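A look at the structure
One letter stands for each residue in the lines below.
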Amino acid sequence: MFNEISSPPHIALVLGSGGVRSVAAVGIAEVLAAEGLKPDLIVGCSSGALFGATIALGMSSRDALEAATSLWSADLTQQHRWRAFAQLLAPRWFGFDAGFSLRDDRRIAQRITRAFGDHRLEDLPTPLRGVATEARSGERVVLRHGPLSQALRASVAVPMLFPSVEVDGRRLVDGVVSDPLPVAVADDAALVLTLGFKGAMPRRVDRASRLVAQASTALINNLQQARIDAARHAGQRVFELQLGLDRHVGLWETRAMPYLFEAGRRAARAQLAQILALERQTSRQHLAVGT
């Protein structure tokens, strides 16, 4: 059993919700490892948890990309629940309740199980803390123990789209609802490297779905920035990795994964001098406190 951390982590990698873009973390981790900067804690929310799990397991970049490609594709959202339309039109007749979802999650559950097997969070080579949201209270839930596949399913369970996942008697949904970039979950780390993504606001609002997207995107973006500001105010040493994409990438654009992987590597190399300087500064302060 590897987990939980016996001493405070030195470097934590915190991965936020970003759809397929979160796979850039695999390229970032590869560059950091080559410089001897292997994170000793991974924190992930939603897709960040999914791709962070490949890093926590110690997969090679090639294996991680193959796993990511098989996990994340547009067809995951295409398994309609035809009863859902009846539940929306006549909720009292067809039993609309808190477990409602537009899509069947059996396909994503099968893929996650196939990719990660029977691994448990507490047994991973590098500790992984998965972030989800308790549907009833809206509070953040940090998953540190139990089946990895179950934790990942809960962290990516987008409300309305996928059904909630029950873990230890609690009904959990996507972590993005409560904490899209969970920096505070790594508050015991000396240095926190983050990879977060702000959503793009709709260019025009000409239908109801875009009006909803405008409001929800603004809420998530502001919540993410508030979490970063609060972490720094609390004294956390936080470095935000900037990916610098030169084109738009859709949430389910699996074919963009090689591009995103390379973008992660480029970003890590471009910001490596700053990261190394922060790591040296953190190490010196740790030694000074120890002496």
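The structure we're discussing is the one just above.
Reading guide: rules and limits
- Per chain, residues are indexed from 1 in the order of the written sequence.
- Totals for whole chains, interfaces and linings use all residues, but because this is a predicted model, local features are given only for residues with pLDDT of at least 70 and pairs of side-chain atoms are given and counted only at 80 or more.
- To get the side-chain values, all heavy atoms of the structure are used, and hydrogens and water are removed first.
- Secondary structure elements are taken from DSSP: a helix is a run of H or I of four residues or more, a strand is a run of E of two residues or more, and numbering for both begins at the N terminus.
- Just to be clear, the radius of gyration here is over C-alpha atoms, and the globule rule we use is 2.2 Å times residues to the power 0.38.
- Between buried and exposed lies partly exposed: a residue is buried under 20% and exposed over 50% of the maximum accessible area for its type, with that area taken using a 1.4 Å probe on protein chains only.
- When checking whether two residues touch, look at their non-hydrogen atoms; a contact exists if any pair is within 4.5 Å.
- Computed by Shrake-Rupley with a 1.4 Å probe, the accessible areas treat only the displayed protein chains as cover when residues are assessed.
- Only four residue types enter the tally: Lys and Arg on the positive side, Asp and Glu on the negative side, with His and both chain ends excluded.
- Every charge is mapped onto a representative atom, which is NZ of Lys, CZ of Arg, CG of Asp or CD of Glu.
- What counts as a salt bridge is simple: a side-chain nitrogen of Lys or Arg found within 4 Å of a carboxyl oxygen of Asp or Glu.
- To estimate the expected span of a helix, subtract one from its residue number and multiply by 1.5 Å.
- The term nonpolar core refers to a set of buried residues drawn from Ala, Val, Leu, Ile, Met, Phe, Trp, Tyr and Cys, joined through side-chain atoms within 4.5 Å.
- Should DSSP find at least two bridges between two strands, the strands are taken to pair.
- In this description, a line fitted to the C-alpha atoms serves as the axis of each element, helices being fitted only across the stretch in contact, and the angle between N-to-C directions of two axes falls anywhere from 0 to 180 degrees.
- Should an angle fall under 35 degrees it is taken as roughly parallel, and over 145 as roughly antiparallel, whereas 65 to 115 is taken as roughly perpendicular and any remaining angle as oblique.
- By definition, any crossing whose near helix is turned counterclockwise from its far helix by less than a right angle is left-handed, and any crossing with a clockwise turn is right-handed.
- Under the grouping applied here, Gly and all other residues not named as nonpolar or charged are polar, the nonpolar ones being Ala, Val, Leu, Ile, Met, Phe, Trp, Tyr, Cys and Pro and the charged ones Asp, Glu, Lys and Arg.
- Note on ring pairs: Phe, Tyr and Trp rings are taken, using the six-membered ring of Trp, and paired if centres are within 6.5 Å. Classes follow the plane angle, with under 30 degrees stacked, over 60 edge-to-face and the rest tilted.
- Should the NZ of a Lys or the CZ of an Arg lie within 6 Å of a ring centre and within 35 degrees of the ring normal, that charge is described as sitting over the ring.
- Any pair of N or O atoms that falls within 3.5 Å is considered a polar contact. Within protein, one atom must be able to donate a hydrogen and the other to accept it, and sequence-neighbouring residues count only if both atoms are side-chain atoms.

1. As for the overall build of the protein chain
Helix and strand counts for the protein chain come out as 10 helices and eight strands. Scaling as 2.2 N^0.38, a compact globule of 291 residues should have a C-alpha radius of gyration of about 19 Å, and the protein chain matches this with 19 Å. Out of the 291 residues belonging to the protein chain, those deemed buried represent 49%. Taking contacts inside the protein chain between residues at least 6 apart in sequence as the whole, the part at least 24 apart equals 75%. Carbon and sulfur atoms make up 53% of the accessible area of the protein chain, which amounts to about 14,300 Å² in all. Charge centroids of the protein chain, computed over 34 positive and 28 negative side chains, lie 6 Å from each other.

2. Observations regarding the pattern of salt bridges
Going through the model one piece at a time under the given rule, you end up with 14 salt bridges. Between Arg265 and Glu30 there is a salt bridge, and its shortest N-O distance comes to 2.5 Å. Pair noted here: Arg265 is in helix H9 (residues 257-270) and Glu30 is in helix H1 (residues 24-34), with a separation of 235 residues, a long-range link. The class for Glu30 is partly exposed, based on a relative accessible area of 28%.

3. Description of the environment of Ala270
Along the polypeptide, Ala270 turns up in helix H9. Residue classification places Ala270 among the exposed positions, given a relative accessible area of 63%. Along the backbone, Ala270 and Leu241 are 29 residues apart, and their C-alpha atoms lie at a distance of 9.8 Å.

4. Comments concerning helix H8 (residues 208-233)
Side chains of residues three or four places apart in an α-helix project in the same direction, reflecting 3.6 residues per turn. Here H8 is 26 residues long and its end C-alpha atoms lie 38 Å apart, about the 38 Å a rise of 1.5 Å per residue gives. Taken as a whole, H8 has its buried residues at Thr217, Asn221, Gln224, Ile228 and Ala231. In the segment just after H8, Gly235 is the residue with positive phi, at about 100°.

5. Examining H1
Within H1, eight of the 11 residues are buried, which leaves the element mostly enclosed by the surrounding structure. Those residues of H1 not exposed but buried are Ala24, Ala25, Val26, Gly27, Ile28, Ala29, Val31 and Leu32. Among the residues trailing H1, Gly36 stands out with phi positive, at a value near 75°.

6. Remarks on the nonpolar core
As a rule of thumb, nonpolar side chains are buried together in soluble globular proteins. One finds Phe116, Leu143, Leu148 and Leu193 to be the most contacted residues of the largest nonpolar core, which totals 63 residues. Contact partners of Phe116, with chain neighbours within four places excluded, come to Leu50, Ala53, Thr54, Leu57, Met59, Leu71, Leu148 and Leu152. One finds Leu41, Val131, Ile228 and Val238 within the second-largest nonpolar core, a separate group that totals 16 residues.

7. Looking at the pairing of strand E3 (residues 128-134)
Among the seven residues of E3, seven are classified as buried, and the element is accordingly described as predominantly covered. Side chains Leu128, Gly130, Ala132 and Glu134 of E3 all project onto a buried face; the interleaved residues Arg129, Val131 and Thr133 project onto the opposite face, where all are buried too. Judged from the four bridges that link them, strand E2 (residues 41-45) and E3 form a sheet pairing that is parallel. Across the sheet, residue Gly44 finds its bridge partner in E3, namely Gly130. Sheet topology places E3 next to strand E4 (residues 140-143); four bridges connect them, and they run antiparallel. When the sheet's bridge partners are listed, Ala132 is paired in E4 with Val141.

8. A closer look at the packing of helix H2 (residues 47-56) against helix H7 (residues 148-155)
Remark: H2 packs on H7, axes separated minimally by 8 Å, with the N-to-C direction vectors making an angle of 150°. In terms of their interaxial angle, H2 and H7 are classed as roughly antiparallel. The two elements H2 and H7 meet at a crossing, and its hand is left-handed. Packed against H2, whose contacting residues are Ala49, Leu50 and Ala53, the element H7 presents Leu148, Leu152 and Ser155 at the interface. Taken together, the residues of the contact of H2 with H7 break down into five nonpolar, one polar and no charged.

9. Quick notes on the environment of Val183
Structurally, Val183 can be placed in the loop between strand E6 (170-174) and strand E7 (191-195). Every residue in contact with Val183, bar those within four places of it in the chain, is listed here: Val14, Val192, Thr194, Ile228, Ala231, Gln236 and Val238.

10. As for the packing of aromatic side chains
For the structure shown, the criterion picks out zero aromatic pairs. When the ring centre of Tyr259 is taken as origin, the NZ or CZ atom of Arg247, which lies over that ring, is 4.8 Å away.

11. Here we look at the side chain of Gln236
Residue placement: Gln236 occurs in the loop between H8 and strand E8 (238-240). A distance of 3.5 Å separates the side chain of Gln236 from the backbone oxygen of Ala186, its partner in a polar contact. When near neighbours in sequence (up to four residues on either side) are disregarded, Gln236 contacts Val183, Ala184, Ala186, Asp187, Val192 and Ala231.

These figures come from the coordinates and say nothing about function on their own.
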